[in-house]
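# Residue-level structure breakdown
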Amino acid sequence: MAVSAAVLVLRALGVGDLLTAVPALRALRAAYPGDRLVLAAPESLRDLVELIDAVDELLPTPKLGELAWPGPPPRLAVNLHGSGPESIHDLMAADPAELLTHRHPDFPDVPGLQWRDDLHEVDRWCRLVEYHHLAADRSALALPVPPGPGPAPDAVVVHPGAAFPARRWPPGRFAAVVRDLAARGHRVVLTGSAAERDLAVSIAAAAGLGEDAVLAGRTGLAELAALVAGAALVVCGDTGVGHLATAFGTPSVLLFGPTPPRLWGPPPSARQHVVLWAGNVGDPHGEEPDDGLLLLGEERVLAATRAALEARVAHG
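Keep in mind the model is a prediction, meaning the values are calculated, not measured. (Residues numbered from 1 in each chain as written. Predicted model: local features only at pLDDT ≥ 70, side-chain atom pairs only at ≥ 80, totals over all residues. Heavy atoms only, no water.)

### Thoughts on the environment of Ala 135
Filter applied, for reference: Helix and strand labels come from DSSP, where a helix needs a run of H or I of at least four residues and a strand needs a run of E of at least two; each type is numbered from the N terminus. Three exposure classes are used, based on accessible area relative to the maximum for each residue type with a 1.4 Å probe and protein chains only: buried under 20%, partly exposed in between, and exposed over 50%.
Along the polypeptide, Ala 135 turns up in the loop between helix H5 (121-131) and strand S6 (156-159). Residue classification places Ala 135 among the exposed residues on the basis of a relative accessible area of 70%. A C-alpha to C-alpha distance of 9.6 Å links Ala 135 and Arg 26, two positions 109 residues apart in sequence.

Okay, here's the thing in structure tokens:
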């Protein structure tokens, strides 16, 4: 790998984090068309990374402190990970000719953009590459549909889990939504990780569905992406599955709380996504369902799912 032939980008986070960085990655690709763009991210995201036309190579990086750059110094290292000193340190260890990052007081000699907490995640990373005098298109979020059919074409995908309890709508309410969807003749499948399988099984049982409706723990990321891409509707909280719906243009009903959708939601111009939020801001890492999220009642979510599916039929 030649000294001037690589652009190294760090984003060692999850599905939603990766997808919100796609416009910035595409801006870097356009600015350095002859260089190899290497993304340092978890190996578990490989199937999704391979759908991003801006990335040439995945450098498996499970988390901060584990970035191992194997070649000569890259032309440019880009910190799309965060604002902390650890990410800056990891990229500086690759000895890049140039480093693009937000500023941090631990590195007073490293120039960078001032971090702001009030930005949408897509805007945050687009502003960073614009600070480097590159053009970024904030709407460039779409990914190509994965090859091959999904495991449940045209189903309604319900994803009840989330990374933290604060963002998990109660299982009983999800069961009411699933029961209503099934009663109206829709095929419903429940997704999640292997750790969330028991949650999905309990919701299916409460809704009167069998375990054949539970795909939680049975799909890899490639299958999950294909499932969302071919779904009639996605119903979920503030999770990576919601960002998959944005990437594939799949209609969705998104239950936000405690983080406001202006920071992590789909583009307002994408009308196929219905965002529900009670207006309460809280701790997204809390150990109990957020009070604002609990203000979203079953009837409001049921009305949103019915309207979204009717709109899909009306628009063909």
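### Concerning the packing of aromatic side chains
Worth spelling out the cut-off: Each Phe, Tyr or Trp ring, with Trp reduced to its six-membered ring, pairs with another whose centre is within 6.5 Å; inter-plane angles below 30 degrees give stacked pairs, above 60 give edge-to-face pairs, and intermediate values give tilted ones. Ring-over charges, as used throughout, are those where CZ of Arg or NZ of Lys falls within 6 Å of the ring centre and within 35 degrees of the ring normal.
One pass over the structure, following the stated rule, counts two aromatic pairs. Seen in terms of ring centroids, Trp 115 and Trp 125 are 5.9 Å apart; in terms of plane orientation they differ by 65°. Their pairing is edge-to-face. Remark: Trp 125 occurs in helix H5 and Trp 115 occurs in the loop between strand S5 (99-100) and H5; sequence separation between them is 10 residues. Given the relative accessible area of 0%, Trp 125 is considered buried. Ring centres of Trp 169 and Phe 174 lie 5.1 Å apart, and the angle between their planes is 90°; on these two criteria the pair is classed as edge-to-face. Residue class for Trp 169 comes out buried when judged on its relative accessible area of 3%. Judged by relative accessible area, Phe 174 falls into the buried class, the value being 1%. Cation over ring: Arg 124 sits above Trp 115, and NZ or CZ is 4.0 Å from the ring centre.

### Side note on unusual backbone geometry
Residue Pro 258 is bonded to the preceding Gly 257 through a cis peptide linkage, with omega at 5°. Looking at where Pro 258 falls in the secondary structure, it is placed in the loop between strand S9 (252-256) and helix H10 (261-264). Phi is positive for Asp 95, close to 55°, though the residue is something other than glycine. Among the secondary structure elements, Asp 95 is positioned in the loop between helix H4 (85-92) and S5. Positioned with a positive phi, Asp 154 is a non-glycine residue whose angle comes to about 65°. Looking at the element boundaries, Asp 154 is found in the loop between H5 and S6. A relative accessible area of 44% places Asp 154 in the partly exposed class.

### Details of the nonpolar core
What counts, and what does not: Here, the term nonpolar core denotes a set of buried Ala, Val, Leu, Ile, Met, Phe, Trp, Tyr and Cys residues that are joined through side-chain atoms within 4.5 Å. Residue contacts follow a heavy-atom distance rule, with two residues in contact if any of their heavy atoms lie within 4.5 Å.
Ranked by internal contacts, the top residues of the largest apolar core, which has 58 residues, are Val 9, Leu 25, Leu 28, Leu 48 and Leu 80. Per-element accounting of this core gives the leading share, six residues, to helix H8 (residues 221-229). Excluding its chain neighbours within four sequence positions, the residues that come into contact with Leu 28 are Val 9, Leu 37, Leu 76, Val 78, Val 129 and Leu 134.

### What to know about the packing of helix H6 (residues 171-183) against helix H12 (residues 298-314)
Using the following cut-off: Whenever a helix is involved, its axis is fitted only over the stretch in contact; in every case the axis is a line through C-alpha atoms, and angles between N-to-C directions fall within 0 to 180 degrees. Left-handed is the label given to a crossing in which the near helix is rotated counterclockwise from the far helix by less than a right angle, and right-handed is the label when the rotation is clockwise. All residues other than Ala, Val, Leu, Ile, Met, Phe, Trp, Tyr, Cys, Pro, Asp, Glu, Lys and Arg, Gly among them, are scored as polar; the first ten of these are nonpolar and the last four charged.
Between H6 and H12, the least distance of the axes is 10 Å, while the angle of their chain directions is 35°. The handedness of the crossing between H6 and H12 comes out as right-handed. Contacts from Gly 172, Arg 173, Ala 176, Val 177, Asp 180 and Leu 181 in H6 reach Glu 298, Val 301, Leu 302, Thr 305, Arg 306 and Leu 309 in H12. Looking at the contact of H6 with H12 residue by residue, the classes come out as six nonpolar, two polar and four charged.

### Quick notes on the pattern of salt bridges
Put simply, the rule reads: The salt bridge definition used is simple: a Lys or Arg side-chain nitrogen within 4 Å of an Asp or Glu carboxyl oxygen.
Across all of its chains, the model carries 15 salt bridges by this definition. With a closest N to O distance of 3.1 Å, Arg 11 and Glu 121 form a salt bridge. On the criterion of sequence distance, the pair formed by Arg 11 in the loop between strand S1 (6-10) and helix H1 (15-20) and Glu 121 in helix H5 is long-range, its members being 110 residues apart. Note on Arg 11: relative accessible area 1%, which makes it buried.

### Side note on the environment of Leu 8
With respect to the element layout, Leu 8 can be found in strand S1. Counting along the chain gives 68 residues from Leu 8 to Leu 76, while the straight-line C-alpha distance between them is 6.2 Å. Beyond its immediate chain neighbours, meaning those up to four positions away, Leu 8 contacts Val 38, Ala 40, Leu 59, Leu 67, Trp 69, Pro 74, Leu 76, Ala 77, Val 78, Leu 91 and Ala 94.

### Regarding the sheet that holds strand S10 (residues 273-277)
Here is the rule we go by: Pairs of strands are assigned from DSSP output, requiring at least two bridges between the strands.
Reading across from one edge, S7-S6-S8-S9-S10 is the order of the five strands in this open sheet, with parallel pairing throughout. Every other strand in the sheet has two partners, leaving strand S7 (188-190) and S10 as the edge strands with one partner each. The mean inter-strand angle of the sheet, taken between neighbouring strand axes irrespective of direction, is 15°. Inspection of the sheet shows S9 paired to S10 by five bridges, in the parallel sense. Note on S10: the bridge partner recorded for Phe 256 is Trp 277.

In short, shape yes, function no, at least from these values alone.
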